[in-house]
Amino acid sequence: MATYIASTFPDSLTGAIFAFEGVADAAVVLNGPTGCKFFHSAVSDAQFPRSADYDPLSYADRCYFGQPRVPSTYLDGDDYVFGSAQKLDETLRVVASKGFSLIAVVNSPGAALIGDDLERLLAGALDDVLHLAIENTGSSGAYGDGFQLAVNSMLDTLALPEVPKTPCSVNLLGLNLSQKHYEHNYATLRELLMLCGIEVISALGAGDGLKTVCRAREAELNVVVCPETGLLTARKLAVEWGTPWLCVEEGQPIGFEATESFVQHVCAALGADPSAAALQMEKARACAYLHLARFSSRLGLPKGAYYSLRATPSMAYPFVRWLSGYLGMVPQAIELLPGEDSGHGDALRRYLEAICSEGALGRRIVSTPSQLVLADGDTIAACRMEGHATCGIEIGFPSLSYLDITRKQLYGPEGALWLLEQIVNGLRYV
Amino acid sequence: MSQIALYGKGGIGKSTIAANVAAAMGALGKRVLQVGCDPKHDSTRLLLHGASPPTVLDYIRDAPPGEHAADDIVRVGAFGVHCVEAGGPEPGVGCAGRGILTTFELLERLGVFGRDWDVILYDVLGDVVCGGFAVPIRNEYADRVYIVTSGEFMSIYAANNILRGMQNYEAEAGRVGGLVFNARGGSGELERVERFAEAAGLPIVAALPRDETFAASERAMRCIVEHTPGSALAETLRALAERMCDDSAMCHARPLGDRALEECVLEGRRPPTSFTPAPKRAAPAPTCEVPAPTCEVPAHTDSSDAYADNSNGASGGDVFRAAPAPPASSPLVSKSVAAKEPLHGCAFNGVLSITTQLADCLSVAHGPQSCAHIAFQTITSLSRRHLLERGTVLPMLTAPPIFSTDMSEAVMVFGGSDKLRARVEQAVACRPPAVFVVSTCPSGIIGEDIEATRALGNDQTRVIPLAADGNLTGDHLQGIFLAYQHIAEELIERGVSTEPDLVNIVAEKTIANATEGNLDFVTEVLVQLGLRVNCRFICETSYEQLRGFMKAPLNLLANEDYMGRGLRDYLQEEFGAVFFDKAMPIGFAESQAWVAELAARYGREDAVSGIVETFQRRYDALVEQLRPILEGRRLMIVTFNHNIDWILSTALDLGMQIAYVGILAYSQENRFVSRFIDQIQVLQTELEFDALERTAEVRDIDPDVLISNYLFSDDLTGVVMDTIPLCPDAGFLSGIYRASRWADMMRIDIEEGWRRDGDLYRKHLS
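Bear in mind the structure is a predicted one, so any value in this text is a computation, not a measurement.

Here we look at the overall build of chain A
Helices and strands together make up the secondary structure of chain A, namely 16 helices and 11 strands. For 430 residues, the compact-globule formula gives about 22 Å, and the C-alpha radius of gyration of chain A, at 22 Å, lands near that figure. Taken over the C-alpha atoms alone, chain A extends approximately 70 × 60 × 40 Å along its principal axes. Counting the 430 residues in chain A, one finds 62% classified as buried. The long-range fraction of contacts in chain A, counting pairs at least 24 apart against all pairs at least 6 apart in sequence, stands at 74%. For chain A, the computed accessible surface area is about 15,400 Å², with 52% contributed by carbon and sulfur atoms.

The structure is reproduced here in structure tokens:
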């Protein structure tokens, strides 16, 4: 029997829930069954722990089911017939007592079919708390669509007044809880841009509190880091707030060149000086050179090593350019995750053609042996099950459940060095 | 038996006609069940002389499933017609279509449809508005459909829509009986209906005039055949009833396009079609002549209303007695479902956790992408962690073969049978021995007919639908039960020859840390007794292994919890499976007894000492080593586990005091038993532990060792705290290994330094 991993994509429901879970002092109430709740609660709590308390008895309210996050209305068959009003009202009153700054209700796909009037129910139960409802996240929609639907709805609810722009300031759009090391990617970009005199005001849905989110309109520029989860919001804010946006052609700031390009483009758009960040990059390149020169002279690697990759287009493109263009590795199988493609997929295709590797695009990773697999935990585990002697580097969700405590990131100079560390340690037996 | 559905636009008089036809059939001596499928639940009002029976949906909502009985919802009306009303939500809320599906499921389960009716008459809300309202015209229900219409355009438009709905469920034989024209008194009405009937190729089976008799009988809350039996209208209704009972010339549904409908009805153009009855189906058995063996249906003459309520002194003949459900299909019911508690997880996920344990089979999830994704991640979570921590792959949990139909918004609205079919065909093309088709909440709510996919199987591959309907059928455990039961009934071969050295292992947890280790323990013992594992039901197994389940003359129960007991009882009852009377043992004494009894069963008492002695030496050595540290210490246990003797016996062997045992209330019934009851100083079952008062309670008990399923976050300096798993490891040393941890923690007697940094956490991170 062949190995199937076809159904591993989170969809728009997860995107919407994670958008609200990515606001530090917001709560998302899932109007749906616990079958949809447990997973989202566990994952959002693992990705963005907000509490030191893991004791189920601390979350004894019925709607929490012993978990700290994503309370739900635990709908059952009766509720699909008669509506969810009573349970929703009870749940909202429990959640309202917890002191959240924002409460969002998201319908599960089944609840969306009932058509309960969520706005009316919320208004009745949450008169003092800022609230909103997402009645339908779109069945089997793209994760990014659900994420941005939620972010955009939140901004609509906040109705932020026009304020003077803060010079040399940006919002980072598209970072979110489903990304590996999203919080340290955010911190890295914040620090890198700060070296250039650029203030990062917020990253909507990536861990900021509501107070910070409310400052988003101050930003002079919206930088779309991940177009799959940020481009729609950028376009909306360009129209509604008049905030220009920028999406870097080289994709996410992964590897040296893409990071340098990212910084240069943002600085150019704001008239800032990138030299301090460039110096950081130079130091990181120097560090990489030291280790690569030694590694290469001893083993002839990483040049020529085979790798496979599973990522969104905006992530895959800089990854491939770095892994092949900088490290000289050979792509074997490249799987693109679904989502908005703002040109990075085409750019990747052209680049692969240029290095005579276009056949790698779309090839299945689990049936293509390679020496490195940069992917999510499921894909890495499936490769192992297929008997591939491969080193897995986790760059996506879900993880193999490694509990990260120290800072790790994929972005920026430190991210490039962390990835390099993983790569050279994974290729010693090639 | 005939099953007849009456459809028609709302307000067209459909319920009045249905009740009158049912009464006329009853007067003809037919045994009739009328099912009102309209949320306003007035279909049977005239039959019941104005009384309102409890609706099925109200009943389902209010009564525990374990107490459901047919005679709570079936009322007997005029001429012995049995009456059921589905009911539904208040206008503007909920989903009435889903209500129809739920109603039919309950009526099936209670055996109401299985009675020896001559006729079941479904009176269905005006239009085929969604899959739920189409249930009566699915192949397994109505074999004849009549559409009530007036000559008004919107009524004919609705009739045409119903034909469209029927086309989606059309089998080889047609099922449309024709049109019932119910005049409203407008000019040119009949001609419009005739033109439509001709264009659609349907007969007009009755023409009912606008007649004051209808209003008079309604005022009297009587059907016409009861109120004015000698009237011309009564005669017409009797003729219609007779025709419906005997009609065998059914037509195919041939709806018109919108433009053609307008031309035909409004502009008076007669399209070039003619009445073309579908090929006659096999002549129906004259079921109306079969005598009723258990249920007398008296011709109703009593005009009192008392008989509308079965509990109200009705005579025996009026009380409905459902046919008993066949034992083979008595569904296993989870505790949460039985008690109507909040559901933990969903049946869809539970089903997939089992179907994906058949290594060579595929599963198709009919639902949104998120459903398949969540199920996939739930199943793979343990595997990913296992790979990370131990570097090994758990093959059944690493890449569960689940195909998803990824139901889109369009499918939610228009149905997804085409997409489902394509996915199932894709799965069948992989040539597995079986493809399981599992439904989610959305597919259940919109009434997707996954049973139809069974026909997509072939000689190589069976297609087995499992209608979990997300959590509409229940929680995660209910899904596990559903999968166990259906897979057993579909796959296990009966009457195979047994092989004496084979045993099955039954009811292992598919996603639990302990499962693999427990299997290793049992296998090691079995090998020493000369036995082999035949089939693991259902854990890391295959289609063929399940088919050969009955080759093993003995079954070993892995867990004697609610799930294990239910499954054991089912396999015993349904297949005559023989079970060893002890579940997989946890702890020394339990393991010793388990090995000894199993060995004795096979006449291998000689092997026992060889198995036990090694463990005995290890256990005794550890007891001797730990006793000086733990003797006299006070043990407190707060847990969801109902079997903790493996801990208590170890603690007592170590000389500890059992200061307190609290069994937390949970969705499992309270089955706590212990052979050490008299040594537990304080015992509380069904415990509702209050997090706010917990610290004080623990301080009051003053334990040295506190163990629970999750560590308390309270500041309990001086108390050694440890966890016990919900699914403990089997084997001799489970208890003593736990105690070793307590002793080590007590020996080093260190309060962790990090615990003093809570203020720093609150200062910098919270």
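Now that the structure is up, let's keep going.
A look at the packing of helix α1 (residues 12-21) of chain A against helix α2 (residues 34-47) of chain A
Residue and element names in this part refer to chain A. In the contact formed by α1 and α2, the axes pass within 11 Å of each other and the chain directions differ by 45°. With respect to α2, the element α1 is oriented oblique. For the crossing formed where α1 meets α2, the hand is right-handed. Together, L13, T14, I17, F18 and E21 of α1 and F39, H40, V43 and S44 of α2 make up the contact between the two elements. Classifying every residue of the contact of α1 with α2 by side-chain character gives five nonpolar, three polar and one charged.

Observations concerning the environment of W241(A)
Residue and element names in this part refer to chain A. Secondary-structure assignment places W241 in the loop between α10 (227-240) and β7 (245-247). Sequence separation between W241 and E218 is 23 residues; the distance between their C-alpha atoms is 9.7 Å. Not counting residues within four places of it along the chain, the set of residues in contact with W241 comprises L155, L160, K165, A216 and R217.

A short note on a nonpolar patch on the surface
On the surface, a nonpolar cluster with roughly 350 Å² of combined accessible area is contributed by Y54(A), Y710(B) and L726(B). Relative to the helices and strands, Y710(B) is located in the loop between β19 (705-708) and β20 (720-723). Taking relative accessible area as the criterion, Y710(B) reaches 34% and is therefore assigned partly exposed.

Some thoughts on the packing of helix α7 (residues 143-158) of chain A against α10(A)
Residues and elements named next belong to chain A. At a minimum axis separation of 8 Å, α7 and α10 run at an interaxial angle of 30°. Considering their axes alone, α7 and α10 lie roughly parallel with respect to each other. Read as a crossing pair, α7 and α10 show a hand that is right-handed. Contacts between α7 and α10 involve Y143, G144, D145, F147, Q148, V151, N152, L155 and D156 on the former and, on the latter, P227, E228, T229, G230, L231, L232, T233, K236, L237 and E240. For the contact of α7 with α10, the class distribution of residues is eight nonpolar, six polar and five charged.

Considering the sheet that holds strand β3 (residues 130-134) of chain A
All names here are of chain A. As summarised here, the arrangement of the three strands in space is β1-β2-β3, forming an open sheet in which the pairing is parallel. Looking at the sheet topology across the chains shown, the edges are occupied by β1 (26-31) and β3. Neighbour-to-neighbour, the strand axes of the sheet open up by a mean angle of 20°, direction not taken into account. Across five bridges, strand β2 (residues 102-107) lies against β3 in parallel orientation. Residue pairing in the sheet places V106 in a bridge with I134 of β3. Along the sheet face, α1 touches β1, β2 and β3 and points at about 175° away from the line of β2. On top of the sheet, α7 reaches β2 and β3; it is set at about 140° to β3, its chief contact.

Structural notes on the sheet that holds strand β11 (residues 434-439) of chain B
Residues and elements named next belong to chain B. Taken together, four strands build an open sheet; the order of strands is β10-β9-β11-β12 and the sheet is parallel. At either end of the open sheet lies a strand with only one pairing partner, and these are β10 (402-404) and β12 (462-466). Neighbour-to-neighbour, the strand axes of the sheet open up by a mean angle of 25°, direction not taken into account. Sitting on the sheet, helix α11 (residues 347-355) is in contact with β9 (362-366), β10, β11 and β12, with an inclination near 165° to β11.

A look at the side chain of R694(B)
Mapped onto the elements, R694(B) comes out in helix α24 (residues 694-701). You can call R694(B) buried: its relative accessible area is 1%. If near-sequence neighbours (up to four positions away) are discounted, R694(B) is found in contact with D55(A), L57(A), F689(B), F712(B), S713(B) and D714(B).

What about the side chain of E590(B)?
Residue and element names in this part refer to chain B. Take E590: it is sitting in helix α21 (residues 588-601). Owing to a relative accessible area of 17%, E590 belongs among the buried residues under this scheme. Setting aside residues up to four positions removed in sequence, E590 forms contacts with P585, D645, W646 and R675.

Re the nonpolar core
The biggest cluster of nonpolar side chains holds 111 residues, and the ones touching the most others in it are F20(A), V170(A), L172(A), I198(A), V266(A) and I395(A). What L172(A) contacts, discounting residues up to four positions off in sequence, is Y186(A), L189(A), L193(A), V200(A), S202(A), A203(A), L204(A), V223(A) and V225(A).

What about helix α16 (residues 412-426) of chain A?
Residues and elements named next belong to chain A. The terminal C-alpha atoms of α16, which comprises 15 residues, lie 21 Å apart, in line with the 21 Å expected from a rise of 1.5 Å per residue. Of all 15 residues in α16, 11 are buried, a share of seventy percent or more. Contacts from the buried residues of α16 go to α8 (182-195), α11 (256-270), α12 (275-299), α13 (313-326), β10 (372-375) and β11 (391-394).

Some thoughts on unusual backbone geometry
A cis amide bond links F397(A) to the next residue, P398(A), at an omega of 5°. Mapped onto the elements of the fold, P398(A) is located in the loop between β11 and α16. The omega torsion across F537(B) and I538(B) is -10°, close enough to zero to call that bond cis. Inspection of the secondary structure assignment puts I538(B) in the loop between β14 (532-537) and α19 (543-547). Phi is positive for A507(B), which is not a glycine, with a value near 70°. Note that A507(B) resides in the loop between β13 (502-506) and α18 (514-528).

Structural notes on helix α22 (residues 608-630) of chain B
Residue and element names in this part refer to chain B. End to end, α22 covers 30 Å across 23 residues, agreeing with the expected 33 Å (1.5 Å per residue, within 8%). For α22, the full list of buried residues reads V608, I611, V612, Y619, L622, V623, L626 and L630. Looking at the buried side of α22, the elements it contacts are α18, α21, α23 (645-653) and α25 (734-748). Within two residues after α22, G632 carries a phi angle of roughly 80°, on the positive side.

Definitions and limits used
- Residues numbered from 1 in each chain as written.
- Chains lettered and ligands numbered in written order.
- Predicted model: local features only at pLDDT ≥ 70, side-chain atom pairs only at ≥ 80, totals over all residues.
- Heavy atoms only, no water.
- Helix = DSSP H or I, 4+ residues; strand = E, 2+ residues; numbered from the N terminus.
- Rg over C-alpha atoms; globule rule 2.2 N^0.38 Å.
- Buried < 20%, exposed > 50% of the residue type's maximum accessible area, 1.4 Å probe, protein only.
- Contact = heavy atoms within 4.5 Å.
- Areas by Shrake-Rupley, 256 points an atom, 1.4 Å probe, with all protein chains shown as cover.
- Axes fitted to C-alpha atoms, helices over the stretch in contact; angles between N-to-C directions.
- Parallel < 35°, antiparallel > 145°, perpendicular 65-115°, else oblique.
- Left-handed = near helix turned anticlockwise from the far one by under 90°.
- Nonpolar A, V, L, I, M, F, W, Y, C, P; charged D, E, K, R; others polar.
- Patch = residues over 30% accessible without salt bridge, like charges linked within 9 Å, V, L, I, M, F, W, Y side chains within 5 Å.
- Salt bridge = Lys/Arg side-chain N within 4 Å of Asp/Glu carboxyl O.
- Pairing = 2+ DSSP bridges.
- Core = buried A, V, L, I, M, F, W, Y, C linked by side-chain atoms within 4.5 Å.
- Expected span 1.5 Å × (residues − 1).

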